[in-house]
Amino acid sequence: MYRLLSSVTARAAAATGPAWSGGRRGAHGRPGAKLAVGLRGAGPTQSPADPEAAGAELPHEQALSLGSPHTPASPAAKGFSRAIESSRDLLHRIKDEVGAPGIVVGVSVDGKEVWSEGLGYADVENRVPCKPETVMRIASISKSLTMVALAKLWEDGKLDLDLPVQHYVPEFPEKEYEGEKVSVTTRLLISHLSGIRHYEKDMKKVKDEKAYKALKMTKGLMPSDQEKEPKEKGGKNHEKSDPPKAKGEQENEARCRHSKHGKKKNDFEQGELYLKEKFENSIESLRLFKNDPLFFKPGSQFLYSTFGYTLLAAIIERASGYKYLDYMQKIFHDLDMLTTVQEENEPVIYNRARFYVYNKKKRLVNTPYVDNSYKWAGGGFLSTVGDLLKFGNAMLYGYQVGLFKNSNENLLPGYLKPETMVMMWTPVPNTEMSWDKEGKYAMAWGVVEKKQTYGSCRKQRHYASHTGGAVGASSVLLVLPEELDPEALNNKVPPRGIIVSIICNMQSVGLNSTALKIALEFDKDRAD
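Parameters and conventions
Residues numbered from 1 in each chain as written. Predicted model: local features only at pLDDT ≥ 70, side-chain atom pairs only at ≥ 80, totals over all residues. Heavy atoms only, no water. Helix = DSSP H or I, 4+ residues; strand = E, 2+ residues; numbered from the N terminus. Expected span 1.5 Å × (residues − 1). Buried < 20%, exposed > 50% of the residue type's maximum accessible area, 1.4 Å probe, protein only. Polar contact = N/O pair within 3.5 Å; in protein donor to acceptor, adjacent residues only side chain to side chain. Axes fitted to C-alpha atoms, helices over the stretch in contact; angles between N-to-C directions. Parallel < 35°, antiparallel > 145°, perpendicular 65-115°, else oblique. Left-handed = near helix turned anticlockwise from the far one by under 90°. Contact = heavy atoms within 4.5 Å. Nonpolar A, V, L, I, M, F, W, Y, C, P; charged D, E, K, R; others polar. Salt bridge = Lys/Arg side-chain N within 4 Å of Asp/Glu carboxyl O. Phe/Tyr/Trp six-rings, centres within 6.5 Å; stacked < 30°, edge-to-face > 60°. Pairing = 2+ DSSP bridges.

**Quick word on helix H8 (residues 306-320)**
Part 1: Here H8 is 15 residues long and its end C-alpha atoms lie 21 Å apart, about the 21 Å a rise of 1.5 Å per residue gives.
Part 2: Across the 15 residues that make up H8, a large majority, 14, are buried.
Part 3: For H8, the N-terminal capping position is held by Ser 305, with its side-chain oxygen 3.4 Å away from the main-chain nitrogen of Phe 307.
Part 4: Just downstream of H8 lies Gly 321, where phi reads positive at about 85 degrees.

Put into structure tokens, the structure is as follows:
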């Protein structure tokens, strides 16, 4: 059965004959569409006249035309045709702007998937189109998945979030900071407040960078574009401004601009991101960083750290009595996330995309082989937009179900308790949300709170999201809860809100603001 609801102009159809078209679910057909996107069960397409076009974005004159017949929109998609059309156009623009080979989007409204579609190619060399079932690296969204395991263990009384990590993992040495014994806890690890490093090993560079960012923010010189930075940079690039400092100290910080700071490596230039070594378990992975000094006193400053989640995986193993991956697969089974797996090279994983980057000559090339076994918990899973929507809806259901208990006693419990979800989505002091400066990091989610400063002016909606950036991949999962009136819940059931997931096989593509715009488009149609 065709997964794409689209059409072409009669002239394009006559010129090209039967052709494959892109994977869409729940979308109305669109005449004149020209970008190649995926279709289940479709035949192969012809190669472009210029073989080199396989390694770059196709111009409109060479793009393959869509050729599938109209199919009725799904009942769930009814009423969202405007939002779908607008969101598709936005994704085309983003894709063209960054030169991404392929991108896949999924949207659900009130727990029902209303639109999913693939644009471009999952595999450029073999002309495999993206479709809703395309499997890609989700990068740091893996942290939000890991948080569910930690929350379950905490709810079951098997994990104390505030005990020193050595209680569970004695292999991790006790730490000192500036000669003082300090304690690293599970709670601090979750919110990137432990002081454990990220990929940059040079403490001075990290501290200089933070000082320089603080100075820029104090002077109001921070860039306004929230989408410029690669997702894995985390706290190193968007730190909160400190209080005004003494003139001499500010002068010292200002000198950073003329030192090595200007040539600081980004995460995609760090060697550890490209490790090829296979680690058998989380405990073994600790040797990469366990003996390194803490960069900051635990609890004092935000420093985004994927290695912190490697330590959390070891804690999960000891608290649960299961191997980390086995415990996570149980959770994925419970959540019905059947296509979400750890990334390994050997297994045959159907619909797995290939991953790309532009080289120094601005040519599209395959990314090098990497082994993500050292960071399953922080950035090592593969998934689809459909599975991410299921995950987002499970979290939103748990967050809201407590509000509905009085009006509907027959509701099933959430996978996590309402009080657990409230804790997870409550911003944590001293943290930053690198992909939206309006927010804070919470517990493996970034959270923006509801805010409106002036009447008839900008209204900031409450939402939770996490982005991801890996070798050859970018991603986002965003949850926009409905603004519920406790007095008007009688005819409603959770989850209530919009979930947007986007995955892309190109690194350094900022997707959070795009996901938020899409969510607001669907929320507008929903309100109308």
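**Details of the packing of helix H2 (residues 81-98) against helix H13 (residues 512-527)**
Part 1: Interhelical geometry of H2 versus H13 gives an angle of 165 degrees and a closest axis separation of 8 Å. Taken as axis vectors, H2 and H13 run roughly antiparallel relative to one another. Both H2 and H13 take part in a crossing whose hand is right-handed. Where H2 abuts H13, its residues Ser 81, Arg 82, Ala 83, Ile 84, Ser 86, Ser 87, Leu 90, Leu 91 and Ile 94 lie against Thr 514, Lys 517, Ile 518, Glu 521, Phe 522, Lys 524 and Asp 525.
Part 2: Here the contact of H2 with H13 is composed, by residue class, of seven nonpolar, four polar and five charged.

**So, the pattern of salt bridges**
Part 1: Taken as a whole and assessed by the stated rule, the structure comprises 28 salt bridges.
Part 2: Among the ionic pairs, Arg 82 bridges to Asp 525, the shortest N-O distance being 2.7 Å. Taken together, the residues span a long stretch of sequence, with Arg 82 in helix H2 and Asp 525 in helix H13 at a distance of 443 residues.
Part 3: For Lys 450, the salt bridge identified is with Glu 483, shortest N-O distance 3.8 Å. Taken together, the residues Lys 450 in the loop between strand E13 (446-448) and strand E14 (463-470) and Glu 483 in the loop between strand E15 (473-481) and strand E16 (497-504) connect sequence positions 33 residues apart.
Part 4: Within the structure, one salt-bridge network assembled from shared partners comprises Asp 110, Lys 450, Lys 459, Arg 461, Glu 482, Glu 483, Lys 492, Arg 496, Asp 523 and Arg 526.

**Regarding the packing of aromatic side chains**
Part 1: Applying the stated criterion across every chain, the model contains 15 aromatic pairs.
Part 2: Pairing Phe 172 with Phe 289 gives two aromatic rings, centres 6.4 Å apart and planes at 50 degrees, and the pair type is tilted. Here Phe 172, found in the loop between helix H3 (141-155) and strand E6 (175-177), pairs with Phe 289, found in the loop between helix H7 (282-285) and H8; they are 117 residues apart in sequence, far enough to count as distant. Of the two residues, Phe 172 and Phe 289, both sit in the buried class.
Part 3: Where Tyr 304 meets Tyr 441, the ring centres are 6.4 Å apart and the plane angle is 90 degrees; that geometry is what we call edge-to-face.

**Examining the environment of Val 385**
Part 1: Along the chain, Val 385 turns up in helix H11 (residues 385-404).
Part 2: According to the relative accessible area criterion, Val 385 is buried, its value standing at 1%.
Part 3: Linking Val 385 and Val 104, residues 281 residues apart in sequence, is a C-alpha distance of 7.0 Å.
Part 4: In this structure Val 385 touches Val 104, Val 105, Gly 106, Ser 116, Pro 132, Ser 501, Ile 502 and Ile 503, once residues within four positions along its chain are discounted.

**Overview of the pairing of E16**
Across a regular strand the side chains alternate sides, sitting on one face of the sheet and then on the other.
Part 1: Across the eight residues that make up E16, a large majority, eight, are buried.
Part 2: A two-sided burial pattern is seen for E16, the buried positions comprising Gly 497, Ile 499, Ser 501 and Ile 503 on one face and Ile 498, Val 500, Ile 502 and Cys 504 on the other.
Part 3: Judged from the seven bridges that link them, strand E2 (residues 102-109) and E16 form a sheet pairing that is antiparallel. Bridge pairing in E16 places Gly 106 opposite Ser 501.
Part 4: For E15 and E16, the ladder comprises eight bridges, and the chain directions are antiparallel. Note on E16: the bridge partner recorded for Ser 474 is Cys 504.

**Overview of the environment of Lys 210**
Part 1: Tracing the sequence through the fold places Lys 210 in helix H5 (residues 203-218).
Part 2: By relative accessible area, which is 5% here, Lys 210 ends up buried.
Part 3: Distance in space between the C-alpha atoms of Lys 210 and Phe 302 is 9.9 Å, their sequence separation being 92 residues.

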